[in-house]
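Coordinates in review
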Amino acid sequence: MSTKEDILKSVREHLQNREKVPYPQIPQFRKEGINLKDVFVKNATIAAADCHEIQSVAEAQEIMKKKLPDAKVICSATPEWKGNKEINAIQKPADLNDVDLGIFRAEFGVAEMGMVWITERSLKVDAIGFLSQHLAVLLDLDDITENMHTAYSRPGLLADHYGCFMMGPSATADIGAYLVRGAQGARSLTLFLLKK
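What this report covers is the structure whose coordinates are included nearby.

The rules we used
Residues numbered from 1 in each chain as written. Predicted model: local features only at pLDDT ≥ 70, side-chain atom pairs only at ≥ 80, totals over all residues. Heavy atoms only, no water. Helix = DSSP H or I, 4+ residues; strand = E, 2+ residues; numbered from the N terminus. Rg over C-alpha atoms; globule rule 2.2 N^0.38 Å. Buried < 20%, exposed > 50% of the residue type's maximum accessible area, 1.4 Å probe, protein only. Contact = heavy atoms within 4.5 Å. Areas by Shrake-Rupley, 256 points an atom, 1.4 Å probe, with all protein chains shown as cover. Lys, Arg positive; Asp, Glu negative; His and termini not counted. Charge placed at Lys NZ, Arg CZ, Asp CG, Glu CD. Polar contact = N/O pair within 3.5 Å; in protein donor to acceptor, adjacent residues only side chain to side chain. Pairing = 2+ DSSP bridges. Phe/Tyr/Trp six-rings, centres within 6.5 Å; stacked < 30°, edge-to-face > 60°. Core = buried A, V, L, I, M, F, W, Y, C linked by side-chain atoms within 4.5 Å.

**Topic: the overall build of the protein chain**
Each helix and strand in the protein chain was counted, giving six helices and twelve strands. Here the protein chain has a C-alpha radius of gyration of 22 Å; the compact-globule value for 196 residues is 16 Å, and the former is much larger. For the protein chain, the spread of C-alpha atoms along the three principal axes comes to 80 × 45 × 40 Å. Within the protein chain, the fraction of its 196 residues that count as buried is 39%. In the protein chain, once contacts between residues fewer than 6 apart in sequence are set aside, the share between residues at least 24 apart is 73%. About 12100 Å² of surface is accessible on the protein chain, with carbon and sulfur atoms providing 54% of the total. Put simply, the protein chain has 24 plus and 26 minus side-chain charges, and the middle of one group is 1 Å from the middle of the other.

Okay, here's the thing in structure tokens:
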């Protein structure tokens, strides 16, 4: 019998006698007395997102009209806010390359980073989050979690085929350490804190 066969035989014998050990408990590193909204807004602002706490979608629409008066093509992935380009009529992702303002509701936010979790459910067509010139994102204050540890422990986090964290508009400073916004994605991200 070769050394390889000896090793495999030994492994097989010992596998039968192994003791089941529970996975280690990962702490969530929660802080006492933290105001999730304030921390979220502070960190989102650092990441160049523009945050507004609002009472209605109409209020958000007025803010975006003032911010982007020349926006012609508006595509929304949430029924709360109607656009003039129908997301359900999109045949291929490239059909969204003319969108001035893309709108969707995030699944939840992470206060520690000032970012939002988005999935195929929130975007309907993933490209809306990346081909749109500007983004308006709705987020319920009750859907803000404290940090990445609490975010990863949320039930169903990995149930979708596609999901990613988004923090602020696209930005790069690779060449000459000069900050450029919108180089590989949205030029601005406006977060609207609005109940579902």
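**A word on the environment of T190**
Position of T190 among the secondary structure elements: in strand β12 (residues 188–193). Sequence separation of T190 and Y152 is 38 residues, and the distance between their C-alpha atoms is 24 Å. Not counting residues within four places of it along the chain, the set of residues in contact with T190 comprises D50, H52, M64, K67, L135, A136 and V137. Among the polar contacts made by the side chain of T190, one reaches the side chain of K67 at a distance of 2.5 Å.

**Focus on the sheet that holds strand β6 (residues 115–119)**
What the four strands build is an open sheet, ordered β8-β5-β6-β9; its pairing is mixed. What marks the edges here is a single partner per strand, and that holds for β8 (144–145) and β9 (163–166). Where β6 lies against β9, four bridges are found, and the strand directions are antiparallel. Bridge pairing in β9 links V116 to M166.

**Some remarks on the packing of aromatic side chains**
In the structure shown here, the tally under the stated rule is five aromatic pairs. Relative to F165, the ring of W117 has its centre 4.7 Å away and its plane inclined at 55°; by these criteria the two rings are tilted. With W117 in strand β6 and F165 in strand β9, this residue pair connects regions lying 48 residues apart in the sequence. Residue W117 is classed as buried on the basis of its relative accessible area, which comes to 9%.

**A look at the nonpolar core**
Core analysis: the biggest nonpolar cluster contains 30 residues, and F40, L96, F104, V116, I118, V137 and L191 have the highest contact counts within it. The set of elements that each furnish at least two residues to this core consists of α2 (36–46), β6, β7 (134–139), β9 and β12. Apart from the residues lying within four places of it in its own chain, the contact partners of F104 are A77, T78, I118, S122, L123, I128, G129, L135, A136, V137, L138 and M166. Grouped together as the second largest cluster of nonpolar side chains are twelve residues, V57, L68, A136 and F192 included.

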